[in-house]
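If you want the building blocks of each chain, they are given just below.
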Amino acid sequence: MNDLNNKLPNLARQHTTLETLIPVVRKRVEALKVIQSHCDELELKFVEEIVALEEIYQKLYKSLYTKRYELVNGIVEPEGVKSENALEHEEGDQEKGVPEFWLTAMKTNEILAKKINKRDDEALKYLEDIKCRDFDISKSFKLYFFFGTNPFFKNLVLKKTYDMHHVGEEGNLATAIGLTIRDKIIPHAVCWFTGEAAQGDE
């Protein structure tokens, strides 16, 4: 539909000029151009409102993500949630948070599961949080992987920037650049964090 809309303003050129059209057809083409201009205005307004709406919801998500982080990492305990396990408060239960939360979440995702080697499991057990920073309307973004102190690498935060290239309304990944891991011992496949072209930490 968008391709058709984009072609409408050029219809007159395919017939040389508007002046070559008979008056009644010329009037109709001029009316079509006005309609198209209104469509363009609406589309611009639509995009602006979508961006504004995304910003509103990102703020709402942020507070939920903070609560998730605190619960997963044992900073807080859940309130107002009844457990089906009547023995949940047994003495001696010192387990904090939700162990291996991110490792489990990533391995249950079909796409990510294919990229995670078994040798990565131990390193990913130290993953405490994942955050995303969007770069306005370009849809490019940066992922931050927050790790606890671990025996595999010195970085406590791994970053990877995804630059999106747009053709029309479609977005395709142009580049994915990660930081250099300051390793102690790097499991083989954990390098998917950095990508093949590892560069500086920004």
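Residues numbered from 1 in each chain as written. Predicted model: local features only at pLDDT ≥ 70, side-chain atom pairs only at ≥ 80, totals over all residues. Heavy atoms only, no water.

(A) Main features of the overall build of the protein. Along the backbone of the protein there are 6 helices and 4 strands. Going from the N terminus to the C terminus, the protein shows its helices and strands as α-α-α-α-α-α-β-β-β-β. The proportion of buried residues among the 202 residues of the protein is 21%. As displayed, the protein has an accessible area near 15300 Å², and 56% of this comes from carbon and sulfur atoms. (Helix = DSSP H or I, 4+ residues; strand = E, 2+ residues; numbered from the N terminus. Buried < 20%, exposed > 50% of the residue type's maximum accessible area, 1.4 Å probe, protein only. Areas by Shrake-Rupley, 256 points an atom, 1.4 Å probe, with all protein chains shown as cover.)

(B) Structural context of the confidence of the model for the protein. For the protein, per-residue confidence averages 76 on the pLDDT scale, and residues scoring 70 or more make up 67% of the total. Averaged pLDDT values for the elements of the protein fall to 50 in helix α2 (residues 11-14) and rise to 94 in helix α4 (residues 101-107). Considering only residues more than four positions removed or in separate chains, one finds that residues 186-192, a stretch of pLDDT under 50, has 20 contacts. Every residue in residues 194-202 is under pLDDT 50, and counting partners more than four places away or in other chains gives 22 contacts. (pLDDT = per-residue confidence, 0-100. Contact = heavy atoms within 4.5 Å.)

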